[in-house]
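Summary of the model geometry
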Amino acid sequence: MWLSGLHIPESYLTALVQATCRKNGWPLDRSTLYSNVTEWQTEDEVSERPLSGCYVTGLYLEGAIWDSQNGCLKRSLPKKLIEELPILKVTPIEGHRLKLQNTFRTPVYTTSMRRNAMSVGLVFEADLFSSEHASHWTLQGVCLLLNTD
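One structure accompanies this document, and this report is about it.

Analysis parameters
Residues numbered from 1 in each chain as written. Predicted model: local features only at pLDDT ≥ 70, side-chain atom pairs only at ≥ 80, totals over all residues. Heavy atoms only, no water. Phe/Tyr/Trp six-rings, centres within 6.5 Å; stacked < 30°, edge-to-face > 60°. Helix = DSSP H or I, 4+ residues; strand = E, 2+ residues; numbered from the N terminus. Buried < 20%, exposed > 50% of the residue type's maximum accessible area, 1.4 Å probe, protein only. Pairing = 2+ DSSP bridges. Axes fitted to C-alpha atoms, helices over the stretch in contact; angles between N-to-C directions. Contact = heavy atoms within 4.5 Å.

Description of the packing of aromatic side chains
Applying the stated criterion across every chain, the model contains 1 aromatic pair. Ring geometry for Trp40 against Tyr55: centres 5.2 Å apart, planes inclined by 85°, an arrangement best described as edge-to-face. In this pair, Trp40 is assigned in the loop between β1 (31-37) and β2 (54-56) and Tyr55 in strand β2, connecting sequence segments 15 residues apart. Neither Trp40 nor Tyr55 differs from the other in exposure class; each is buried.

What follows is the structure in structure tokens.
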């Protein structure tokens, strides 16, 4: 799914959670999204549909780089602020089943200004594995972007 192509990407993710809750009989108010970065770089490499959730393409990582070898965030290279993220798998899950460790809850914004024309910018929070403490990435201003402007 190319979230950048949607006018209101939050609505797609909300519908994804609602459909999964309805299918599994979960309470909607106790469900959330879990995400993990796949090894696939392009949508052509994806061979099957996920059992639940979706694959998201076209995300850009600002303030850090993704280390595909170790599957974690790394400090960005000098003079390189934005890098394309491999395909992200987004899965609805019950909140009490989600136990995150060594993970940075990365905000996903519409644009690099971190808001859109309606002053709304936060789409959702993606879970990116990290060996550093989350405060390190917060102070670096790390986020994911749908558009690079």
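Here's the deal with the sheet that holds β1
Strand order in the open sheet formed by 3 strands is β1-β7-β2, and the pairing between neighbours is antiparallel. Two strands close off the open sheet at either side, each with one partner strand: β1 and β2. Within this sheet the neighbouring strands show an average axis-to-axis angle of 35°, counted without direction. As judged from the 7 bridges shared by β1 and strand β7 (residues 88-94), these two strands associate in the antiparallel manner. Note that in β7 the partner of Asn36 across the bridge is Lys89. Seen against the sheet, helix α1 (residues 9-24) touches β1, β2 and β7 and runs at an angle of roughly 45° to β7.

Quick word on the sheet that holds strand β3 (residues 60-62)
Strand pairing in a sheet takes place through backbone hydrogen bonds and is either antiparallel or parallel in direction. Strands sit in the order β6-β3-β10-β8-β9 across an open sheet of 5 strands; the sheet is mixed. Each edge of the open sheet carries a strand with a single partner, namely β6 (82-84) and β9 (122-129). In this sheet, adjacent strand axes meet at a mean angle of 30° when their direction is disregarded. As judged from the 2 bridges shared by strand β8 (residues 103-109) and strand β10 (residues 143-145), these two strands associate in the parallel manner. The residue of β10 that forms the bridge with Val108 is Leu144.

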